[in-house]
Amino acid sequence: MKNLLSIEQLTGDEIRDLLALGHKLKAERGHHEHLPLKGQTWALIFSKSSTRTRVSFEVGISELGGRPMFLSVHDIQLGRGEPVKDTARVLGRMIHGAAIRTYGQQEVEEFASFSGIPTINALTDEEHPCQILADLLTIEELYGPGSWKDMKIAFVGDGDNNMSRSWMWAAKRLGFTLAIGAPTNYLPLEDFRRHLDCDNVIFTTNPVEAVRDASVINTDVWLSMGQEAEGQSKEKHFYPYQVNEELLAHAAPGHSVFHCLPAYRGKEITEDVLERFAPVIFQEAENRVHAQKAVLATLAEASKA
Ligand code: CP
Ligand code: NVA
């Protein structure tokens, strides 16, 4: 594993190894004997806003002995049109790794290929792999190691965004049942479904069918970053897919609600549900640190080999 560009590009074993290392690093937090990023500088190149991803990477890199360098695209020449491939070749000669949050998936792919240094997708329009690793870690903490295997997981909301796509690839790689509940025009297109080619991912426009007997119910914003201009014309389709107590009455006993945050109360989730599941939702947020430390340590070791 040289980069983490998507869940699609990982194997099931790589995901399982990252989760095992994430648990270990979480247990060791504050007293790591081995510092795989010692003497290294890792850049965080962000074109979009972030609270959790930025802070968890800065903390994780520091805790593994490295130095994080936050680069907003508004402050570097990339934001004035310098090509990704030139930025990548410069940084590849100066730093040891990078996490990138941007729009197009091809930008992180291009950065990885031209920089030659370990590159992490810190969210693109296509995928949010770091969040899914943190969520799987959280499921294992709540329900036991490998518990996702025999579970139905639901994703209700925009079925064609970065979070839902990363969940679909996780279901493909790990074999759990995933139900995507979304309005007709916000389910993945036929091309994507053919490419996914996965019988254990179920698509439905019926939110009740999606959450029925599900143990973990995920939701996410209806308007992802970059889609703000779509406003009400997109949001109006999603109200029947709000995660509220009425919908959760159909979920499995002992279910949990996950949200990657930030959350918009009264839209994709109600205040009551968010606060009832706040311990789980903020555990997910905390686990960004531990899951990403597993990614950083794995990539740093691989690049030294
Ligand atoms: N969940 C997540 O990625 O949060 P941020 O946008 O705050 O980084
Ligand atoms: N789908 C959301 C995730 C935010 C963490 C977005 O891209 O804005």
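- Going by what an unreviewed UniProt entry lists, the chain is known as Ornithine carbamoyltransferase and is assigned to Akkermansia biwaensis.
- Per UniProt, the chain has the following entry under Sequence similarities (unreviewed entry): "Belongs to the aspartate/ornithine carbamoyltransferase superfamily. OTCase family."
- The annotation that UniProt attaches to the chain under Catalytic activity (unreviewed entry) is "carbamoyl phosphate + L-ornithine = L-citrulline + phosphate + H(+)".

### Here's the deal with the overall build of the chain
Move 1: The helix and strand inventory of the chain stands at 12 helices and 9 strands.
Move 2: The dimensions of the chain, computed from C-alpha atoms along their principal axes, are 55 × 40 × 35 Å.
Move 3: Counting only residues that meet the buried cut, the chain has 44% of its 305 residues in that class.

### Side note on the nonpolar core
Move 1: In this structure, Ala 98, Leu 133, Ala 154, Leu 178, Ile 217 and Val 295 are the most contacted members of the largest nonpolar core, which totals 80 residues.
Move 2: It is helix H12 (residues 278–304) that provides the largest number of residues to this core, a total of 8 residues.
Move 3: A domain-level breakdown of this core finds at least three residues from each of domain 1 (12–127 + 288–304) and domain 2 (131–284).
Move 4: Beyond its immediate stretch of four places on either side in the chain, Val 295 contacts Leu 4, Leu 18, Ile 120, Cys 130 and Leu 133.

### Comments concerning helix H3 (residues 84–92)
Given 3.6 residues per turn, any residue in an α-helix points the same way as the ones three and four places further on.
Move 1: Within the sequence span of H3, burial applies to Val 84, Thr 87, Ala 88 and Leu 91. Down the axis of H3, the buried side of the element spans an arc of 100°, and every buried residue falls inside it.
Move 2: Summarising the contacts, the buried residues of H3 are in contact with strand E1 (41–46), strand E3 (97–101) and helix H4 (105–115).

### Looking at the site of ligand 1
Move 1: Every residue lining ligand 1 is accounted for by Ser 50, Thr 51, Arg 52, Thr 53, Leu 123, Gln 131, Cys 260 and Leu 261.
Move 2: A breakdown of the residues in the shell around ligand 1 according to their chemical character gives 3 nonpolar, 4 polar and 1 charged.
Move 3: Three or more residues apiece are contributed to the shell around ligand 1 by two domains, here domain 1 (12–127 + 288–304) and domain 2 (131–284).

### What about helix H6 (residues 162–174)?
Move 1: For H6, built from 13 residues, the straight-helix expectation of 18 Å at 1.5 Å per residue is met to within 8% by its first-to-last C-alpha distance of 18 Å.
Move 2: The element H6 is extensively covered by neighbouring structure, given that 10 of its 13 residues are classed as buried.
Move 3: Among all positions of H6, only Asn 162, Met 163, Ser 164, Arg 165, Ser 166, Trp 167, Met 168, Trp 169, Ala 170 and Ala 171 are buried.
Move 4: Close packing links the buried residues of H6 with helix H5 (129–143), strand E5 (152–156), strand E6 (177–181), helix H7 (190–196), strand E7 (201–204) and strand E8 (216–219).
Move 5: One or two steps after H6, the chain reaches Gly 175, where phi turns positive at roughly 85°.

### Digging into the pairing of E7
Moving residue by residue along a regular strand, the side chains alternate between the two faces of the sheet.
Move 1: The pairing of E6 with E7 spans 4 bridges and is parallel. Its bridge partner being in E7, Gly 181 is matched across the sheet by Thr 204.
Move 2: The β-α-β motif built from E6, the intervening H7 and the parallel element E7 has right-handed crossover chirality.

### Quick word on unusual backbone geometry
Move 1: Geometrically, the link from Leu 261 to Pro 262 is a cis peptide bond, its omega value of 5° lying close to zero.
Move 2: Within the secondary structure, Pro 262 is located in the loop between strand E9 (256–259) and helix H11 (271–276).
Move 3: If you check the backbone angles, Asp 197 has positive phi at about 50° while not being a glycine.
Move 4: Tracing the sequence through the fold places Asp 197 in the loop between H7 and E7.
Move 5: Judged by the 8 C-beta atoms lying within 10 Å of it, Asp 197 is exposed.
Move 6: Look at Leu 261: it is not a glycine, yet its phi comes out positive at around 65°.
Move 7: Looking at the secondary structure, you find Leu 261 in the loop between E9 and H11.

### Things to note about the sheet that holds E1
Whether parallel or antiparallel, the strands of a sheet pair through hydrogen bonds between backbone atoms.
Move 1: Strand order in the open sheet formed by 4 strands is E2-E1-E3-E4, and the pairing between neighbours is parallel. The sheet is open, and its two borders are formed by strand E2 (67–72) and strand E4 (119–121), each paired with just one other strand. Strand-to-strand twist in this sheet, taken as the mean axis angle between neighbours without regard to direction, amounts to 20°.
Move 2: As paired elements, E1 and E3 share 5 bridges and run parallel to each other. Its bridge partner being in E3, Ile 45 is matched across the sheet by Ile 100.

Scoring rules and cut-offs
- Residues numbered from 1 in each chain as written.
- Chains lettered and ligands numbered in written order.
- Predicted model: local features only at pLDDT ≥ 70, side-chain atom pairs only at ≥ 80, totals over all residues.
- UniProt positions renumbered as here; feature names shortened; annotations may be inferred.
- Helix = DSSP H or I, 4+ residues; strand = E, 2+ residues; numbered from the N terminus.
- Buried ≥ 20, exposed ≤ 12 C-beta atoms within 10 Å, placed from the backbone.
- Core = buried A, V, L, I, M, F, W, Y, C linked by C-beta atoms within 7 Å.
- Domains from an automatic or database assignment.
- Contact = placed C-beta atoms within 7 Å.
- Arc of directions from axis to C-beta.
- Near = placed C-beta within 6 Å.
- Nonpolar A, V, L, I, M, F, W, Y, C, P; charged D, E, K, R; others polar.
- Expected span 1.5 Å × (residues − 1).
- Pairing = 2+ DSSP bridges.
- Right-handed = clockwise from strand over helix to strand, strands pointing away.
- Axes fitted to C-alpha atoms, helices over the stretch in contact; angles between N-to-C directions.

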